[in-house]
Amino acid sequence: MVSKLDADLIVVGGGIIGMTTAYEATRRGLATLLIEAREGVGLETSFANGALLTPSSTEPWNAPGVHRLLLASLFDPSSAMKLRLHAIPSLLTWGPQFLYHANRRHHERATRANFLLAQYSVSKTRQVREELGLHYRHASTGTIKLFRDHASLQAGAAAAHKLETLGLRFEMLDPARVVTVEPSLGAVESDLAGGLRFRGDETGDAFAFCQRLQQEFARLGGRIVTQAKVEKIAYQSERHAVVRTTGGDFQTRSVVVAAGGQSNKILKGLGPSLPIRPAKGYTATYSDVPPGGPAIPVIDDTFHCVFVPLGKDLRIAGTAEFTGNDTRIAGDRVANLRRLLKQLFPQLAESLADTEPRAWAGLRPMSADGMPFIGRLGTRNLFVNAGHGHLGWTSAMGSAAIVVDAILEEPSAVDASPFRPER
Ligand SMILES: Cc1cc2nc3c(=O)[nH]c(=O)nc-3n(C[C@H](O)[C@H](O)[C@H](O)COP(=O)(O)OP(=O)(O)OC[C@H]3O[C@@H](n4cnc5c(N)ncnc54)[C@H](O)[C@@H]3O)c2cc1C
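Structure report, in brief.

How each quantity is defined
Residue positions are counted from 1 within each chain, in the order its sequence is given. Restriction of local features to residues with pLDDT of at least 70 applies here, the model being predicted, together with a cutoff of 80 or more for giving and counting side-chain atom pairs; totals for whole chains, interfaces and linings are based on all residues. In DSSP terms, a helix is any run of H or I states spanning at least four residues, a strand is any run of E spanning at least two, and both are numbered starting from the N terminus. We take the radius of gyration over the C-alpha atoms and set the globule estimate at 2.2 Å times the residue count to the 0.38 power. Our contact criterion uses C-beta atoms placed from the backbone: two residues qualify when those atoms are within 7 Å. Residue count minus one, scaled by 1.5 Å, sets the expected span of a helix. Exposed residues have 12 or fewer other C-beta atoms within 10 Å of their own C-beta, buried residues have 20 or more, and residues in between are partly exposed; the C-beta atoms are placed from the backbone. This arc is taken over the directions from the axis of the helix to the C-beta atoms. Placing the C-beta atom from the backbone, one calls a residue near a molecule or strand if that atom lies within 6 Å of it. Only Asp, Glu, Lys and Arg are considered charged, only Ala, Val, Leu, Ile, Met, Phe, Trp, Tyr, Cys and Pro nonpolar, and every remaining residue, Gly among them, polar. Only the contacting stretch of a helix is used when fitting its axis, a line to C-alpha atoms as for every element, and angles between N-to-C directions run 0 to 180 degrees. An angle counts as roughly parallel when it lies under 35 degrees, as roughly antiparallel when it exceeds 145, as roughly perpendicular when it falls between 65 and 115, and as oblique in every other case. What makes a crossing left-handed is the near helix being turned counterclockwise from the far one by less than a right angle; a clockwise turn instead makes it right-handed. Strands are labelled as partners when DSSP assigns at least two bridges between them. We define the nonpolar core as any set of buried residues of the types Ala, Val, Leu, Ile, Met, Phe, Trp, Tyr and Cys, connected via C-beta atoms lying within 7 Å of each other.

Another aspect to go through is the overall build of the chain. Each helix and strand counted, the chain has 11 helices and 19 strands in total. Scaling as 2.2 N^0.38, a compact globule of 423 residues should have a C-alpha radius of gyration of about 22 Å, and the chain matches this with 21 Å. Along the first, second and third principal axes, the C-alpha set of the chain runs to 75 × 45 × 45 Å. Pairs at least 24 residues apart make up 76% of the contacts formed inside the chain by residues separated by at least 6 positions.

Here you go:
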């Protein structure tokens, strides 16, 4: 006999993916309990990320040629994507899969699937913002992507053209037009080959969004248990799980594991291991920024970094380091972000020369094929929403809707088959 359940659904992990999932499930009528190991929501990878929602940039990072880039990075301290020697043993099964998928056919397929998810997700983010009147330092100014040579500009434009039929809108800008759109780039006009303007991209603070959504979740009757680490999920039957945590046991009909890079530990023994590994990134945030900075987020294609106005702050984000589960802040990586600020916005960098930015490092949960895992795992009422890599904020609301569709056995608004956990 099934004893009294604590919830219809338990969501494990209160990052942007778990929080949006728990909200969406509650909104659609499921009595939901969110269990989070930390003292609050959004304190891990979703805390101070690049703050961009970019359907325009949904290509996986294992583009054809990534092999050469990673090899060269072993010897180049300033490389945007960096492989650390000591991390190689932890990549023994994941690494070959990551490289296997670095071919044109897969890359285009994954970019398209991610784009449709991201586009759907951003529209859902807008909808929830308007319905609930949420404020999370958001802006709908779009983004500008900069290119320093003509071949890269043409390649960027060709990639954007391929998504045009699916709904991506963009404009090509010559260097003079880049500066007209974003005057703070005046000092580097002569270094540029041009840019692409994506009006559909947005910005916002993912941590603030998590917190606002938590309030709405509670208002709808959702419950949160914090400082409880899930250690095991045991199924009594296909529709009855006991979630064992450091704060006690909880009984439920269904579980969604949305614990980012920690998801595999929780899923151990319940199905195949998901190919997810951490790719470390850094942000540097300046408060109350003086004039001279960008009004529109600027994405630098050459150095793989972004400059994002966030309310009165400016956030610089960049680097992808394969260095295991290490979130320590390395001074040289932060110095590198400051150097990039100086290259692009010399006048602003001068004004900020004596100001220390708030430095932060987080671990992107990267799947080996560049797409997240969303949906049912096996035959039990066990679901996954994890492995969103560099696009977790962009695709959170859409991914939440898709996993709740799977729980309720309802059709999804976008094709969810590319994201099946057991693909
Ligand atoms: C430098 C950087 C810049 C980025 N910029 C962008 C950007 O501009 N746009 C974008 O779309 N994405 C960006 N990302 C990616 C994005 O931040 C991530 O994809 C997203 O935060 C992942 O969310 P998550 O909820 O899966 O993981 P997390 O935010 O890490 O949440 C997982 C949660 O699970 C909890 N947890 C773990 N184990 C357990 C357990 N056993 N029991 C209970 N709880 C547990 C953790 O405490 C955590 O709160 C960036 C990432 C980085 C690092």
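Let us now look at helix H5 (residues 150–164). Residues spaced three or four apart along an α-helix face the same direction, because each turn holds 3.6 residues. Look at H5: 21 Å from first C-alpha to last across 15 residues, which is about the 21 Å you get at 1.5 Å a residue. Within H5, burial applies to Leu153, Gly156 and Leu163. One face of H5 carries all of its buried residues, which in axial projection span an arc of 85 degrees. Residues of H5 that are exposed and angled more than 90 degrees away from the buried face: His150, Ala151, Ala158 and His161. Those residues of H5 hidden inside the fold are in contact with helix H4 (104–132), strand E5 (143–147) and strand E7 (194–198).

Let us now look at the site of the ligand. Around the ligand sit 41 residues, and of these Gly15, Gly50, Gly260, Gly281 and Gly392 come closest. When residues of the shell around the ligand are traced back to their parent elements, those giving at least two are helix H1 (16–27), strand E13 (276–286) and strand E17 (358–367). Of the residues contributing to the shell around the ligand, the split by class is 18 nonpolar, 18 polar and 5 charged.

Before going further, it helps to spend a moment on the packing of H1 against helix H7 (residues 206–219). It is at 10 Å that the axes of H1 and H7 come closest, and there the two elements cross at 25 degrees. When the axis of H1 is compared with that of H7, the two are roughly parallel. Like other packed secondary-structure pairs, H1 and H7 cross with a definite hand, here left-handed. Of the residues in H7, those touching H1 at Ile16, Met19, Thr20, Ala22, Tyr23 and Thr26 are Ala206, Phe209, Cys210, Leu213, Gln214, Glu216 and Phe217. Classifying every residue of the contact of H1 with H7 gives 9 nonpolar, 3 polar and 1 charged.

The next thing to look at is the pairing of strand E18 (residues 373–376). With 4 bridges joining them, E18 and strand E19 (residues 382–386) adopt antiparallel strand pairing. Within E19, the residue paired with Ile374 across the bridge is Asn385. The hairpin formed by E18 and E19 contains 5 residues between the paired strands, and Gly378 there has a positive phi angle of roughly 75 degrees.

Attention now moves to helix H9 (residues 331–344). Here H9 is 14 residues long and its end C-alpha atoms lie 20 Å apart, about the 20 Å a rise of 1.5 Å per residue gives. Listed as buried for H9 are Arg333, Val334, Asn336, Leu337, Leu340, Leu341 and Leu344. Buried residues of H9, viewed axially, fall in a sector of 150 degrees; they line one side. Counted as exposed and oriented over 90 degrees from the buried face of H9: Gly331, Asp332 and Ala335. Of the surrounding secondary structure, the elements contacted by the buried residues of H9 are E13, strand E14 (298–300), strand E15 (305–310), strand E16 (313–322), helix H10 (346–351) and E17.

Moving on, we get to the nonpolar core. Counting residues in each nonpolar core, the largest one holds 108 residues, and the members touching the most others are Ile10, Val12, Val255 and Val257. Counting residues per element, this core draws most heavily on helix H11 (residues 396–408), at 9 residues. Excluding its chain neighbours within four sequence positions, the residues that come into contact with Val257 are Val12, Ser263, Ile266, Leu267, Val384 and Ala386.

Below, the discussion takes up unusual backbone geometry. Positive phi, normally seen in glycine, also occurs at Arg137, with a value near 55 degrees. With respect to the secondary-structure elements, Arg137 resides in the loop between H4 and E5. The class for Arg137 is partly exposed, based on 16 C-beta atoms found within 10 Å. Of note, Gln227 is a non-glycine position whose phi angle comes to about 55 degrees, a positive value. Relative to the elements of secondary structure, Gln227 occurs in the loop between strand E9 (223–225) and strand E10 (230–237). You can call Gln227 partly exposed: it has 13 C-beta atoms within 10 Å.

The analysis is restricted to geometry; functional conclusions fall outside its scope.
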